[in-house]
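The residues making up each chain are set out below.
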Amino acid sequence: MKIKSLMTMALAMMAFVVSMSSCGSDDDEPVVAVADQVVGSYTGTEVLTVMGEADESTETFEFTKGSDVSVDVNLPKYGEGMMTVPALPVKGIVLTKSGNTITGKLDKYEGTVKTADGTEKAYTVSDVTVIFSDKTVVVKFTQKYGNMPFAFEGQFTGTRK
Amino acid sequence: MVTAYLTNRILQSLLAGVALAMPAIPLSAQSFRDSVELEPVVVTASHSPKALKDAPVVTRLITLHDIKITDATNIQDMLTQEIPGLEFGFAMSQETSLNMSGFGGNAVLFLVDGERMAGETMDNVDYNRMNLDNVGRIEIVKGASSALYGSNAVGGVINIISRENLEPWTANVNTRYNFFGHEWRNGASFSFNTKKWNSQTSFQHTKIDPVDLPKPYSSEEIAIELLKKAQGLPYDESVLNDDSNLSRLYGQKSYNVKERLTWRATDNLTLIGRGGYFFRTSERDTYDYHFNGYSAGLKGRYAWDFARYLELSYAYDQYDKANFQPDGTRTHDHDYSNRQQVAHALYHHSFGKNSLILGADYMHDYLSTYQFADNTSHAQDNIDGYAQFDWNITERLNIVGSVRYDYFSASAQKAFTERLAVVYKFPWMTFRANYASGFRAPTLKEMYMHFDMGNMGYMLRGNPDLKPEKSHNFNIAIERTNRIRNSGFLDGRYNFTIMGYCNIFDKRITTIDGGTYEGMESALYWNEDGITVWGMDFSMGHIWDCGFSLKVNYSWMKETGKVYYSDFYQPRSHSMTWRVGYDHHFSRHYALDAALSGRYQGKPQSGRKDVDQGYTIWKLMLQHHVWHGLTVITAIDNLFNYKPKSYYYCSPLTTGTSFSVGLSVDLDKM
């Protein structure tokens, strides 16, 4: 009886170990950081509004990994000739995941950038909201460049290549 | 009825008795009442002192009481609250623009004690220089006045007259805090008066923090609607369209000090010296603007007798602008300096009830600015001569005629302007009819500008061949002032004025497409076809003996012709200001001066739907006179919490109801 009980317990333990092992095989799949799920190039429409005047163009936003939970993005170059605003890096957009949607937020990023003639210009990008859903991304941001007395209000809608 | 009447009379007698027994806690409304009873004197309409009721042209007077009860910091605050048909807005770079009854800011001439000011922000002088700490009254003459004041007096003249205290000495310190922008205003003034000397000194400091204007929607709300749109789901398009022109009001600080010294050397000779310094910083995100103003003047007046006097004066005014980086380094890429030197001569001769004025001026105008090619400078001289004859034909009929000739050296332009004003006093009302011409000479900036706008590849080009702007103003007005007695509650003094006008404005200087210039798109200063502005102004006031007062001002205007609508202001056909006041001594140690005021701006005449479609803003002011010389001032601005949906250049700069509290101490009365 005692042996039977021991055998039963041993089988039960084996079954437990096997079952735990099978569970473990799922958990052992590599965990994809939230940032890794969204990095990439997104192409679509950017609308920049300056003091109520909107300008629309087709642009590509390149999201790169900052950390497991944050991404950086290059806001694309705007304008031509002497009116050019160079591409502006924005770093440290903090990501949170909810269901199939990943939302990025950044209150303010201050940086400097060199223009084509080598002049260094300060810029600020604030009120950044990014939402990734499937292969779509939308971005809302406010950017202020150099001595321009006005801010650009930016919107971008793109899809991942 | 009789009982009610008697009760009222007894009550009034009791109140009068109480008032007599009261300590001398001054009510500023009392000075208002006095000024009405004593018939105030104005100078702007005729270049010489004249009772308001006798002025040849309708003159809107802002009294010392108005200035105190509105608690305005500078002329912009004051005019916004008092004058309908006048609206300040912002331009790019948050420089202030002005529109008065269809005329842009550069068609309105601002004077301080009759003197021009140098410099400009957007389209006129820096309004912050005109603080109200030492101002006694403000006179506004709408319509052209170039026959007396020369260039820029096309749409109106606003003359700020300094106060001259006649007490042996006065001293005041005051402070006020406004929760909007955490604004501080601190001031001090001192005056003394002897038989020979009179001195007025004032100092004011203001500081306001940046104010982030609320956006209609958060970035997250916008992003969510963007995502819905991208996914083909129903979404709200209005959330995605942001028409706001402004998102942040820059913080600023200012210092303003003024001195005015009068020496009555003899019974015949009076000399007046004055000086002032102004400093303001506008604190931007990446750099600061610094503004400096320097002014000085000397005036001598020799009076042979009551009939004849001669005035000679010299005035200097300088206004500088420069940009500084946060570390204090001057960038030198936005240097600007405007210096004006003016010499005046004026001779006044009375012949009985009639009088003659002969005058001549010389002005040297120098401008150095980054907006000229190679940061160079330009200058021009203006010489003028004028004459005015004030002919009192009968006790009832008065005719005033003025002519003036101006010459400008840089453009070799001449201007001949004239005015004819007729006043006829019926027993029950006064009738006025007036024709006046006005002009504005092209400025040095408009003639010589060569400016790549913010290095953005867009050139603004001056035009040395510009002609002066011209205007012809016709107006007629009726006015009645009277006292009501023995009518119970209505007892008091009232007045009303109705004025209709037509302004024909031609050769306006504006910018047109200048084609490609040096490989860039450009705009060129140009004389454009004119417009005609039709309008009607109505004002009324009633001051009850029981302590209440009411003022209502309404303005209607309509522009026809080649009308351009600037983004920076939106002329409105209907506008109105009003104020209900009450002053009363409640006890030996407490008196109240209260005012509930408001302003209404109607729909833009342009028909634009994307800007404010009219708004009303109310303000409640309470001045508590709690002890000898001690006054506590409280105010609730935007009483009913009006909030613009979006902030346009012409939106009222409010984020909702705001509160302010202040303290004023008259040391000489303690």
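Residues numbered from 1 in each chain as written. Chains lettered and ligands numbered in written order. Predicted model: local features only at pLDDT ≥ 70, side-chain atom pairs only at ≥ 80, totals over all residues.

Points about the overall build of chain B
Part 1 of the argument: What chain B contains, in helices and strands, is eight helices and 37 strands.
Part 2 of the argument: Taking 26 Å as the expected radius of gyration for a compact globule of 670 residues, we find that chain B reaches 26 Å, a close match to that expectation.
Part 3 of the argument: When its C-alpha atoms are laid out on the principal axes, chain B stretches across 80 × 60 × 50 Å.
Part 4 of the argument: Here the contacts in chain B between residues at least 6 apart in sequence split such that 62% fall between residues at least 24 apart. (Helix = DSSP H or I, 4+ residues; strand = E, 2+ residues; numbered from the N terminus. Rg over C-alpha atoms; globule rule 2.2 N^0.38 Å. Contact = placed C-beta atoms within 7 Å.)

Thoughts on the overall build of chain A
Part 1 of the argument: Helix and strand content of chain A: one helix and eight strands.
Part 2 of the argument: In sequence order, the secondary structure elements of chain A are arranged as α-β-β-β-β-β-β-β-β.
Part 3 of the argument: Of all 161 residues assigned to chain A, the portion counted as buried reaches 30%.
Part 4 of the argument: In chain A, 47% of the contacts between residues at least 6 apart in sequence involve partners at least 24 apart. (Buried ≥ 20, exposed ≤ 12 C-beta atoms within 10 Å, placed from the backbone.)

Describing helix H6 (residues 219–230) of chain B
Residues and elements named next belong to chain B.
Part 1 of the argument: End to end, H6 covers 16 Å across twelve residues, agreeing with the expected 16 Å (1.5 Å per residue, within 8%).
Part 2 of the argument: Taken residue by residue, H6 has Ser-219, Ile-222, Ala-223, Ile-224, Glu-225, Leu-226, Leu-227 and Ala-230 as its buried positions.
Part 3 of the argument: Phi turns positive one or two residues past the end of H6, at Gly-232, with a value near 75°. (Expected span 1.5 Å × (residues − 1).)

Looking at helix H4 (residues 75–82) of chain B
Part 1 of the argument: Among all positions in H4 of chain B, only Ile-75, Met-78, Leu-79, Gln-81 and Glu-82 of chain B are buried. The buried residues of H4 of chain B all sit within an arc of 165° when viewed along its axis, so they share a single face. (Arc of directions from axis to C-beta.)

Section: the nonpolar core
Part 1 of the argument: Within the largest apolar cluster, 60 residues are counted, with the highest numbers of intra-cluster contacts made by Met-78, Val-108, Ile-138 and Ile-160 of chain B.
Part 2 of the argument: Formed by 40 residues, the second largest nonpolar core is a distinct cluster that contains Tyr-42, Leu-48, Val-73 and Tyr-109 of chain A. (Core = buried A, V, L, I, M, F, W, Y, C linked by C-beta atoms within 7 Å.)

Considerations on the sheet that holds strand E29 (residues 508–517) of chain B
All names here are of chain B.
Part 1 of the argument: With mixed pairing, the four strands of this open sheet are ordered in space as E25-E26-E30-E29. Only two strands of the sheet have a single partner each, and these edge strands are strand E25 (450–452) and E29. Averaged over neighbouring strand pairs, the angle between their axes works out to 25° when direction is ignored. (Pairing = 2+ DSSP bridges. Axes fitted to C-alpha atoms, helices over the stretch in contact; angles between N-to-C directions.)

Some words on the confidence of the model for chain B
Part 1 of the argument: On average, residues of chain B score 88 in pLDDT, and 94% of them reach the 70 mark or higher.
Part 2 of the argument: On the interface metric, ipTM, the complex scores 0.81, and its pTM is 0.84. (pLDDT = per-residue confidence, 0-100.)

Structural notes on the environment of Tyr-277 of chain B
Residues and elements named next belong to chain B.
Part 1 of the argument: Positionally, Tyr-277 belongs in strand E16 (residues 269–283).
Part 2 of the argument: Take Tyr-277: there are 15 C-beta atoms within 10 Å of it, and that puts it in the partly exposed class.
Part 3 of the argument: When residues no more than four places from it in sequence are discounted, the contact partners of Tyr-277 are Val-257 and Tyr-294.

Looking at the sheet that holds strand E3 (residues 60–62) of chain B
Residues and elements named next belong to chain B.
Part 1 of the argument: Read across the sheet, four strands follow the order E3-E8-E9-E7 without closing on themselves; strand pairing throughout is mixed. Among the strands making up the open sheet, the edge pair consists of E3 and strand E7 (108–112). Recorded for the sheet is a direction-independent mean angle of 15° between the axes of neighbouring strands.

As for the environment of Asn-495 of chain B
Residue and element names in this part refer to chain B.
Part 1 of the argument: Relative to the helices and strands, Asn-495 is located in strand E28 (residues 492–506).
Part 2 of the argument: The sequence separation of Asn-495 and Arg-608 amounts to 113 residues, and the corresponding C-alpha distance is 37 Å.
Part 3 of the argument: Those residues in contact with Asn-495 that lie beyond four places of it in its chain are Glu-479, Arg-480, Thr-481, Met-540 and Gly-541.

What about unusual backbone geometry?
Part 1 of the argument: Here the phi dihedral of Asp-127 of chain A falls at roughly 50°; this positive angle occurs in a residue that is not glycine.
Part 2 of the argument: As for its position among the elements, Asp-127 of chain A is in strand E6 (residues 120–133).
Part 3 of the argument: You will see that Ala-412 of chain B, though not glycine, has its phi angle at about 55°, which is positive.
Part 4 of the argument: Looking at the secondary structure, you find Ala-412 of chain B in the loop between strand E22 (397–408) and strand E23 (413–425).
Part 5 of the argument: Take Ala-412 of chain B: there are 9 C-beta atoms within 10 Å of it, and that puts it in the exposed class.

Description of the pairing of strand E19 (residues 336–351) of chain B
Residues and elements named next belong to chain B.
Part 1 of the argument: Examined bridge by bridge, strand E18 (residues 308–324) and E19 share 14 bridges and lie antiparallel to one another. Bridge assignment links Asp-317 to a residue of E19, and that residue is Gln-340.
Part 2 of the argument: Inspection of the sheet shows E19 paired to strand E20 (residues 354–369) by 16 bridges, in the antiparallel sense. In the strand pairing of E20, Phe-351 is matched with Asn-354.
Part 3 of the argument: As consecutive antiparallel partners, E19 and E20 are separated by two residues, and within that stretch Gly-352 has a phi angle of approximately 65°, a positive value.

Notes on the confidence of the model for chain A
Part 1 of the argument: Taken as a whole, chain A shows an average pLDDT of 82; of its residues, 78% reach a score of 70 or greater.
Part 2 of the argument: In the predicted structure, residues 17–27 of chain A sits below a pLDDT of 50 and forms zero contacts with residues beyond four places in sequence or in another chain.

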